[in-house]
Amino acid sequence: MISKDAVLAWIRTLADVYHENRQYLTELDSPIGDADHGINMDRGFQKVLEKLPGVEDKDIGSILKTVGMTLVSTVGGAGGPLYGTFFMRAGMAIDAKEELSAEDLVTMFQAALDGVIQRGKAELNDKTMVDAITPAVEALREAVSSGASLSEALSKAAAAAEEGMKATIPMLAKKGRASYLGERSIGHQDPGATSSYLLFKTAYETWGQAN
Ligand code: ADP
Ligand code: MG
């Protein structure tokens, strides 16, 4: 099981990870975007860190919803509303729980992905974060339903997200700013798929050890 403290630890570590990767994500967003993805993610999660103490004693669903609302209200562009939706839908799916089972995680990340797709209308292979999140959720579900440990399942999800992220390199962007470039978007790794990989990698590193 993943405790509420472990969920809070994941969110705090994510803030560190996006801070450390601020420049990397921004560099990825320069050739095919407007060079702000790292700045956006870092700004959003620093604001989340400020909001966390006020909701730490609430249930996991409320905490995740607060993360989502904070991202929506502090991060502009496409990334903010999409990650905001990701966390708000995750929170709605989990609701008032105080700890999460492996099955809860599958439900939570599937709802988050559904929210991103509903909001952004991206399909697989459009060269977006959806290309990293979709295989991660599928790998997580498969591993959990075949009885893998939570650690194994999260490790598989992170590996699938990494593969999905790398697979965006040869893709032609069909959504977001990168799509304005047409053929010139080919050959560059999608920044949003990269921040999504970091999200699953951090989940594995935070939750995989104790489970
Ligand atoms: P902006 O493009 O507005 O500057 P960011 O740079 O923060 O916003 O985020 C860019 C990322 O958002 C892209 O790399 C892509 O993964 C993701 N993205 C853009 N549009 C969509 C969409 N419609 N659906 C899913 N993801 C999208
Ligand atoms: Mg951008």
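Read on for a plain summary of the structure. (Residues numbered from 1 in each chain as written. Chains lettered and ligands numbered in written order. Predicted model: local features only at pLDDT ≥ 70, side-chain atom pairs only at ≥ 80, totals over all residues. Heavy atoms only, no water.)

### A word on the overall build of the protein
A tally of regular secondary structure across the protein gives 9 helices and 2 strands. Each helix (α) and strand (β) of the protein, taken in turn from the N terminus, gives the series β-α-α-α-α-α-β-α-α-α-α. Over its C-alpha atoms the protein spans a radius of gyration of 16 Å, differing by no more than 12% from the 17 Å that the globule rule assigns to 211 residues. Considering only C-alpha atoms, the protein reaches an extent of 45 × 40 × 30 Å along its principal axes. Relative to its 211 residues, the protein shows a buried fraction of 53%. In the protein, once contacts between residues fewer than 6 apart in sequence are set aside, the share between residues at least 24 apart is 70%. Total accessible area on the protein is roughly 9000 Å²; 51% of this is exposed by carbon and sulfur atoms. Computing the positive centroid from 21 side-chain charges and the negative centroid from 29, the protein places the two 6 Å apart. (Helix = DSSP H or I, 4+ residues; strand = E, 2+ residues; numbered from the N terminus. Rg over C-alpha atoms; globule rule 2.2 N^0.38 Å. Buried < 20%, exposed > 50% of the residue type's maximum accessible area, 1.4 Å probe, protein only. Contact = heavy atoms within 4.5 Å. Areas by Shrake-Rupley, 256 points an atom, 1.4 Å probe, with all protein chains shown as cover. Lys, Arg positive; Asp, Glu negative; His and termini not counted. Charge placed at Lys NZ, Arg CZ, Asp CG, Glu CD.)

### What about helix α4 (residues 60-74)?
With 15 residues, α4 extends 21 Å between its outermost C-alpha atoms, agreeing within 8% with the 21 Å of an ideal straight helix rising 1.5 Å per residue. Those residues of α4 that sit buried are Ile-60, Gly-61, Ser-62, Ile-63, Leu-64, Thr-66, Val-67, Gly-68, Thr-70 and Leu-71. Contacts from the buried residues of α4 go to β1 (2-3), α1 (4-20), α3 (37-51), α5 (79-94), β2 (99-100) and α6 (102-120). The residue sitting at the N-terminus of α4 and contributing the capping side-chain oxygen is Asp-59; that oxygen lies 3.1 Å from the backbone nitrogen of Gly-61. (Expected span 1.5 Å × (residues − 1). Polar contact = N/O pair within 3.5 Å; in protein donor to acceptor, adjacent residues only side chain to side chain.)

### Describing the site of ligand 1
Neighbouring residues of ligand 1: 20 residues in total, closest His-37, Asn-40, Ala-78, Gly-120 and Asp-190. Asp-29 has a polar side-chain atom sitting 3.1 Å from an oxygen atom of ligand 1. In this structure, an oxygen atom belonging to ligand 1 sits 2.8 Å away from a side-chain N or O atom of Asn-40. Across the complex, the protein chains shield 93% of the 560 Å² of accessible surface that ligand 1 would expose by itself. Taken together, the elements giving at least two residues each to the shell around ligand 1 come down to α3, α5 and α9 (191-207). (Near = heavy atom within 4 Å.)

### Here's the deal with the pattern of salt bridges
Counted under the stated rule, the structure contains 8 salt bridges. A salt bridge links Glu-56 to Arg-12; the shortest N-O distance between them is 2.3 Å. Here Arg-12 lies in helix α1 and Glu-56 lies in the loop between α3 and α4, a separation of 44 residues in the sequence. You can call Arg-12 partly exposed: its relative accessible area is 34%. (Salt bridge = Lys/Arg side-chain N within 4 Å of Asp/Glu carboxyl O.)

### Thoughts on the coordination of the magnesium ion (ligand 2)
Coordination angles at a metal have ideal targets, namely 109.5 degrees for four tetrahedral donors and 90 or 180 degrees for six octahedral donors. Protein coordination at the magnesium ion (ligand 2): the donors are Asp-29 (OD), Asp-34 (OD) and Asp-36 (OD), at 2.0 to 2.2 Å from the metal. On the accessibility criterion, Asp-29 (7% relative accessible area) is buried. (Donors = N, O, S within 2.8 Å, 3.2 Å for Na, K, Ca; no water.)

### Structural notes on the side chain of Asp-59
Its place among the elements puts Asp-59 in the loop between α3 and α4. The buried charged residue Asp-59 lacks any salt bridge partner; its closest oppositely charged side chain belongs to Lys-65, at an N-O distance of 6.0 Å. Within polar-contact distance, the side chain of Asp-59 engages the backbone nitrogen of Gly-61 at 3.1 Å. A polar contact of 2.8 Å, which involves the side chain of Asp-59, links it to the backbone nitrogen of Ser-62. Setting aside anything within four residues of it in sequence, one finds Asp-59 in contact with Lys-4, Asp-95, Ala-96, Lys-97 and Glu-98.

### Looking at helix α2 (residues 22-32)
When we look at burial in α2, the residues that qualify are Leu-25, Thr-26, Leu-28, Asp-29 and Ile-32. Taken end-on, α2 shows its buried residues confined to a sector of 160°, consistent with a single buried face. Where the residues of α2 are buried, they touch α1, α3 and α9. (Arc of directions from axis to C-beta.)

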